[in-house]
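# Observations on the three-dimensional arrangement
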Amino acid sequence: MLKDITIGQYFPGHSVLHRLDPRMKILLTIGYIVMLFTVSNPLGLGVGILFLIFAYAISKIPPKMITKSLKPVIPIIIFTTLLNMFFVKGDPLVDWWIFHISRQGLLTAVVMTIRIICLIAGTSLLTYTTSPITLTDGLERLMKPLKKIHFPVHELSMMMTIALRFIPTLIEETDKIMNAQKARGADLESGGVIQRAKALVPILIPLFVSAFRRADELALAMECRCYRGDVGRTRMKQLHYSWQDGVAAAVTVLCIGMVVVVNIFAPVVF
Amino acid sequence: MSVIKTEHLTHTYSQGTSYERAAISDINLEIEAGKMIGIIGHTGSGKSTLIQHFNGLLRPTEGKIYVDGEDIWEKPKEIRKVRFRVGLVFQYPEYQLFEDTVYQDIAFGPKNMGLSEEEIDRRVKEAALFVGLKDDQMEKSPFELSGGQKRRVAIAGVIAMSPEVLILDEPTAGLDPKGRDRILGQILEYHQEQKKTILLVSHSMEDVAKYTEQVLVMNHSRVDMFDDVEQVFSRSKEIEAMGLAVPQVSRVFLSLREKGWPVPQNVYTVERAKEALERIMQQGGKAHA
């Protein structure tokens, strides 16, 4: 059950996408998302979808990973689809009792669904091809200018790194505690919602206690190794842009450019 | 009458994937009621996987387990009941404590069994007595106690369910020698008074030699030896070949024998060593005699 979590999961590999600079990947992903939400006709949306398929193809990530990453957001997708379908005003298609579906509503619903799917698949591709450590490293470098306004960039990225690092540890710990309480006859599988929530107490309390203990120990260990934040810190792995980053940027900019042109010259559909 | 019996017990992790790995394979055991048994083996030899089968936390991928002659997976819905009959104390059990008071924490198991208030009270007090917890500690928060005390509370939590078989996975890991002797002494006492079967997983051969009657040696997912302590430690060479240590005295006596001293083969505790040496000294034994 705990092993099904794919958010932030990394899929080791050696494709071009894996080798790209994390900063470039983050920027291109942001660009892609903006493009997805400014696109205003089917042609542009088609370009967006094709671009995503192309990216997945060269990343060699198995296609079933797309559906896996979409699974947890299915409720959100259904929710937005229904909202758009019933509440966007326009030429009525169905008019029955309190339900009004308009042509525009239906269209927005479909487009919105495609946009969200592309959004999730696109950002998942970023985490699939970038290890968490590299990702936070890239984020830290990208946000560096914010330091001028005393934004704690380094601290924030250190927090993210530590949080990501401890996800597997905590999962393992949860497993152990669950087994220990089951051995004492804890019933985790049956009963109603309230009973099940209550059954979680014997697991959550020891889990919190041990998380705090670990945090304490980690802080001490970091201090012992003279960690004092960002001051005078150097990196073992320096980030460098390569020609591949240039190619990736060019391809993406070309794609965005196409969408912009299509947006300007083709009729606005949605 | 065997209290636990396994037939071709096999457990394969991640079956059907490329990570497939047999943690234990084809284990056939009969554990007699009322014995105190030590389980030794390498890290990764399958000890933990094996003991988690005995109380139904893991379901065998192949084979069967019988507790008191009943196949425990015949009615999977009632597997919880098996856990009351076969109590398992995990490694570092103090990390499972969660209640407001020591008393309530020990009562967690018996409460899950659905016992009456009086019975729970009786069992909690009895279990606390066994592990040497004082009355004034019972109303404290378990988080206020020392490491050794916490561990004793956790062990009491399982003893309070009064299981027929008590399994302890390295109950003394990380304790100082005094705390170690104390906990093992209390477990031995519990065994002698209640006549319950006890399985003790340990890395310390000294402890196994001193406290248990039988030893089960796991190696490469299989049971390599399962016999009386004397028999097992007389095969010290094989045990060492597996990369496991034998009690230090056993080693000393093994080399004495190799050098030709007329010492017995089955010496594995300091007391026995003392007797054996005294006997030789009285006889005025000489080297190469």
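Preceding this paragraph is the structure being described.
Analysis parameters
Residues numbered from 1 in each chain as written. Chains lettered and ligands numbered in written order. Predicted model: local features only at pLDDT ≥ 70, side-chain atom pairs only at ≥ 80, totals over all residues. Heavy atoms only, no water. Salt bridge = Lys/Arg side-chain N within 4 Å of Asp/Glu carboxyl O. Helix = DSSP H or I, 4+ residues; strand = E, 2+ residues; numbered from the N terminus. Buried < 20%, exposed > 50% of the residue type's maximum accessible area, 1.4 Å probe, protein only. Pairing = 2+ DSSP bridges. Contact = heavy atoms within 4.5 Å. Axes fitted to C-alpha atoms, helices over the stretch in contact; angles between N-to-C directions. Patch = residues over 30% accessible without salt bridge, like charges linked within 9 Å, V, L, I, M, F, W, Y side chains within 5 Å. Areas by Shrake-Rupley, 256 points an atom, 1.4 Å probe, with all protein chains shown as cover. Lys, Arg positive; Asp, Glu negative; His and termini not counted. Charge placed at Lys NZ, Arg CZ, Asp CG, Glu CD. 1 Å grid on protein atoms, 1.4 Å probe; cavity = no way out; pocket = protein on both sides within 12 Å on 5 of 7 lines; lining within 4 Å. Points joined across faces, edges and corners; volume = space filled by probe spheres on them. Nonpolar A, V, L, I, M, F, W, Y, C, P; charged D, E, K, R; others polar. Expected span 1.5 Å × (residues − 1). Arc of directions from axis to C-beta. Phe/Tyr/Trp six-rings, centres within 6.5 Å; stacked < 30°, edge-to-face > 60°. Lys NZ or Arg CZ within 6 Å of the ring centre and 35° of its normal.

## As for the pattern of salt bridges
Residues and elements named next belong to chain B.
- Evaluated as defined, the whole model comprises 22 salt bridges over all chains.
- Among the ionic pairs, aspartate 207 bridges to arginine 180, the shortest N-O distance being 3.6 Å. Here the residue aspartate 207 occupies a position in helix α7 (residues 205-211), and arginine 180 occupies one in helix α6 (residues 177-194), the gap between them amounting to 27 residues.
- Overall, arginine 180 belongs to the partly exposed group, its relative accessible area being 28%.
- Through salt bridges with shared partners, a single ionic network connects Glu119, Arg122, Arg123 and Glu126.

## Regarding the sheet that holds strand β5 (residues 70-71) of chain B
Residue and element names in this part refer to chain B.
- Pairing within the open sheet is antiparallel, and its four strands lie in the order β2-β1-β4-β5. Pairing within the sheet leaves two strands with one partner each, and these edge strands are β2 (21-32) and β5.
- Note that strand β1 (residues 2-13) and β2 share eight bridges and pair antiparallel. Directly across from isoleucine 4, in β2, lies its bridge partner isoleucine 31.
- Where helix α1 (residues 47-54) meets the sheet, it contacts β1, β2 and β4 (62-67), and its direction lies at approximately 55° from that of β2.

## Some thoughts on the sheet that holds strand β10 (residues 222-228) of chain B
All names here are of chain B.
- Ordered by their spatial adjacency, six strands build an open sheet running β6-β7-β8-β3-β9-β10, and the pairing between neighbours is mixed. In this open sheet, the two strands that pair with only one neighbour each are β6 (86-89) and β10. Within this sheet the neighbouring strands show an average axis-to-axis angle of 15°, counted without direction.
- When strand β3 (residues 36-41) meets strand β9 (residues 214-219), the two strands line up parallel, connected through five bridges. Opposite isoleucine 37, over in β9, you have glutamine 214 as the bridge partner.
- Here helix α5 (residues 147-159) sits on the sheet and contacts β6 and β7 (165-169); the angle it forms with β6, its principal contact strand, is near 170°.

## Regarding a positive patch on the surface
Residues and elements named next belong to chain B.
- A cluster of basic side chains, namely Lys134, Lys140, Lys178 and Arg182, defines a positive patch on the protein surface.
- Among the secondary structure elements, lysine 134 is positioned in the loop between α4 (117-130) and α5.
- Looking at lysine 134, the relative accessible area reads 53%, which means it is exposed.

## A closer look at the layout of surface pockets
All names here are of chain A.
- Approximately 1,100 Å³ is the volume found for the second largest pocket.
- What lines the second largest pocket is a set of 43 residues, and nearest its centre among them are Ile133, Asp137, Thr161, Arg233 and Arg235.
- With seven residues, the top contributor of residues to the lining of the second largest pocket is helix α8 (residues 153-183).
- Its residues assigned to classes, the lining of the second largest pocket comprises 15 nonpolar, 16 polar and twelve charged.

## Overview of the side chain of Ser59(A)
All names here are of chain A.
- Of note, serine 59 is situated in helix α3 (residues 42-59).
- Serine 59 gets classed as buried once you look at its relative accessible area, which sits at 2%.
- Setting aside residues up to four positions removed in sequence, serine 59 forms contacts with Ser15, Leu17, His18, Leu125 and Thr129.

## Considerations on α4(B)
Residues and elements named next belong to chain B.
- With 14 residues, α4 should reach 20 Å at 1.5 Å per residue; the first-to-last C-alpha distance of 20 Å fits that figure.
- Every buried residue of α4 is accounted for by Ile120, Arg123, Val124, Ala127, Ala128 and Phe130. All buried residues of α4 lie within an arc of 155° about the axis, which places them on one face of the element. Across from the buried face of α4, at angles greater than 90 degrees, the exposed residues are Glu118 and Leu129.

## As for the environment of Val67(B)
- By the element assignment, Val67(B) lies in strand β4.
- Not counting residues within four places of it along the chain, the set of residues in contact with Val67(B) comprises Val3(B), Ile4(B), Phe54(B), Ile72(B), Val82(B), Arg85(B) and Val86(B).

## Structural notes on unusual backbone geometry
Residue and element names in this part refer to chain B.
- Located in the positive-phi region is histidine 220, a residue other than glycine, with phi close to 50°.
- Secondary-structure assignment places histidine 220 in the loop between β9 and β10.
- Despite not being glycine, serine 221 shows a phi value in the positive range, around 65°.
- Take serine 221: it is sitting in the loop between β9 and β10.

## Some points on the packing of aromatic side chains
Residue and element names in this part refer to chain A.
- For the coordinates displayed, the defined rule picks out seven aromatic pairs over all chains.
- The ring of tyrosine 241 has arginine 23 sitting right over it, with the charged end atom 4.3 Å from the ring centre.
- The ring of phenylalanine 166 carries arginine 165 above its face, with NZ or CZ at 4.7 Å from the centroid.

Function-wise, these values are silent; they only describe arrangement.
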